[in-house]
Amino acid sequence: MMIFLDTAEADVIAARADTGLVDGVTTNPSLIAKAGADIKERIADICGLIPGPVSAEVVATEASAMIAEGQTLAALADNVVVKLPLTMEGLKACRALTDNGIATNVTLCFSINQALLAAKAGATFVSPFIGRLDDRGEDGLGLIEDIRHIYDEHGFATRILAASIRSVEHVEGSAMAGADACTIPPNIFDALVQHELTDKGLEAFLKDWADAGKGAI
Ligand code: E4P
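A brief structural summary.

Reading the values: the criteria
- Every chain begins its residue count from 1, and numbering advances along the sequence as written.
- Reporting in this predicted model follows two pLDDT cut-offs: at least 70 for local features of residues, and 80 or more for side-chain atom pairs to be given and counted; totals over whole chains, interfaces and linings ignore these cut-offs and use all residues.
- Hydrogens and water molecules were not included; the side-chain quantities draw on all heavy atoms of the structure.
- Proximity is defined per residue: if any heavy atom of the residue lies within 4 Å of a molecule or strand, that residue is considered near it.
- Identification of polar contacts relies on pairs of N or O atoms within 3.5 Å, with a donor-acceptor requirement for protein atoms, meaning one able to donate a hydrogen and the other able to accept it, and with residues adjacent in sequence counted only if both atoms are side-chain atoms.
- Per-residue accessibility takes into account occlusion by the displayed protein chains alone, with areas from the Shrake-Rupley method and a 1.4 Å probe.
- When residues are grouped by polarity, Ala, Val, Leu, Ile, Met, Phe, Trp, Tyr, Cys and Pro land in nonpolar, Asp, Glu, Lys and Arg in charged, and all others, Gly among them, in polar.
- The rule for a salt bridge is simple: a side-chain nitrogen of Lys or Arg has to be within 4 Å of a carboxyl oxygen of Asp or Glu.
- By the criteria applied, helices consist of DSSP H or I runs no shorter than four residues and strands consist of E runs no shorter than two, each listed in order from the N terminus.
- Each residue's exposure class comes from its accessible area (1.4 Å probe, protein chains only) as a fraction of the maximum for that residue type: buried when under 20%, exposed when over 50%, partly exposed otherwise.
- For two strands to count as paired, DSSP must find a minimum of two bridges between them.
- The angle between two axes is taken between their N-to-C directions and runs from 0 to 180 degrees, where each axis is a line fitted to C-alpha atoms and a helix contributes only its stretch in contact.
- Contact criterion: two residues are considered in contact whenever any of their non-hydrogen atoms come within 4.5 Å of each other.
- For our purposes a nonpolar core is just a set of buried Ala, Val, Leu, Ile, Met, Phe, Trp, Tyr and Cys residues, chained together by side-chain atoms within 4.5 Å.
- In this scheme Phe, Tyr and Trp rings, the latter by its six-membered ring, pair at centre separations within 6.5 Å, and the angle between planes marks the pair as stacked below 30 degrees, edge-to-face above 60, and tilted otherwise.
- Here, the term right-handed applies to a crossover whose path from the first strand over the helix to the second runs clockwise when the strands point away from the viewer.
- Every angle not falling under 35 degrees, over 145, or within 65 to 115 is termed oblique; those three ranges are roughly parallel, roughly antiparallel and roughly perpendicular.
- It is the rotation of the near helix from the far one that decides the hand of a crossing: anticlockwise by less than a right angle makes it left-handed, clockwise makes it right-handed.

### Here we look at the site of the ligand
Looking at the ligand, the residues that line it are D6, T26, N28, K83, F129, R132, A163, S164, R166 and T183. Within the side chain of K83, one N or O atom sits 2.6 Å away from an oxygen atom of the ligand. In this structure, R132 approaches the ligand through a side-chain N or O atom, which is 2.7 Å from an oxygen atom. Protein chains bury 85% of the 350 Å² of accessible surface belonging to the ligand in isolation. Its residues assigned to classes, the shell around the ligand shows 2 nonpolar, 4 polar and 4 charged.

### Things to note about the pattern of salt bridges
If the charged atoms of two oppositely charged side chains come close together, the side chains can form a pair. All chains considered together, the criterion is met by 9 salt bridges. With a closest N to O distance of 2.7 Å, D211 and K207 form a salt bridge. Highlighted residues: D211 and K207, both in helix α11 (residues 196-211), separated by 4 residues, approximately one helical turn. K207 shares its class with D211; the two are exposed.

### Looking at the sheet that holds strand β1 (residues 2-6)
Here we have 8 strands rolled up into a closed barrel, ordered β1-β2-β3-β4-β5-β6-β7-β8, and parallel in their pairing. Each adjacent strand pair in this sheet contributes to an overall mean axis angle of 30°, direction not counted. Taken together, the 4 bridges between β1 and strand β8 (residues 181-184) define a ladder with parallel strand orientation. Its bridge partner being in β8, I3 is matched across the sheet by C182. Each of β4 (80-85) and β5 (104-109) is contacted by helix α5 (residues 88-99), which is oriented at about 155° to β4, the strand it contacts most. Those strands touched by helix α8 (residues 140-154) are β5, β6 (125-128) and β7 (159-162), and its axis lies near 175° from that of β7.

### Notes on the nonpolar core
Ranked by internal contacts, the top residues of the largest apolar core, which has 55 residues, are V80, L84, A118 and Y151. It is α8 that provides the largest number of residues to this core, a total of 5 residues. When neighbours within four sequence positions are excluded, A118 is seen to be in contact with L86, L91, V106, A123, V126, Y151 and T158.

### Notes on the packing of aromatic side chains
One pass over the full model with this rule turns up 3 aromatic pairs. Aromatic side chains F4 and F125 sit 5.8 Å apart centroid to centroid with 75° between the ring planes, which places their arrangement in the edge-to-face category. With F4 in strand β1 and F125 in strand β6, this pair connects stretches of sequence that are 121 residues apart. Both residues of the pair, F4 and F125, count as buried. Between the aromatic rings of Y151 and F156, the centroid separation amounts to 5.8 Å while the plane-to-plane angle is 70°, which identifies the pairing as edge-to-face. For F156, a relative accessible area of 22% gives the class partly exposed.

### Describing the pairing of strand β3 (residues 54-57)
Burial along β3 is two-sided: V54 and A56 and S55 and E57, pointing in opposite directions, are all buried. With 2 bridges joining them, strand β2 (residues 24-26) and β3 adopt parallel strand pairing. In the sheet register, V25 faces β3, and the bridge partner there is V54. In this region the chain leaves β3, passes through helix α4 (residues 63-74) and returns to the parallel neighbour β4; the handedness of that crossover is right-handed.

### Some points on the packing of α4 against α5
Between α4 and α5, whose axes approach to 8 Å, the crossing angle comes to 45°. Here α5 runs oblique to α4, going by the angle between their axes. Where α4 crosses over α5, the handedness of that crossing is right-handed. Packed against α4, whose contacting residues are A63, M66, I67, G70 and Q71, the element α5 presents E89, G90, K92, A93, A96 and L97 at the interface. Within the contact of α4 with α5, the residues separate by chemical class into 6 nonpolar, 3 polar and 2 charged.

Dropping the structure here:
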């Protein structure tokens, strides 16, 4: 499963790029606005930090304007993925951009039918929002499982990008449910490596080594 960072903060991405674990980045209008950045400059900067897919979202709501914005974003770098909302206009724009060789991420997916339409529109990625479904008492990870099932059953190539991640459990649940990628807030990315038994075990190994009078290898 690919791991993406879900942030528009370039310094936060840069600080994690050298882990070799970050396969891509997702942004959205809220994240770009929160970062106080110019979208074109910030997306170009992020694309220089991470060579994998970097999602940049349109803000137009009508297909022809979405296509124009998508072409502008795609021209910023080879690894830009144009993010489009899961509306009929977004799906029309997805088909047009896909047919022009531009990678797409259809976002704000909350149902099996929406995921089916995104795949039929030729989306490179579809982004089901797990956390926002859980927030209102629905089963976000269950939706990932269901989409995995229909995509495999019908041979759709669209990749499932689990989004709106709220916890480390959402990340492991996405992997178990067959998501192709998971986009993760930086604090949750940092927590993935943590386990108290790892810390205790390492402390004991190093103490035993030092107690035996041994040094660096
Ligand atoms: C991903 O593409 C989305 O921008 C993001 O995961 C949304 O997460 P939120 O529900 O925490 O805003």
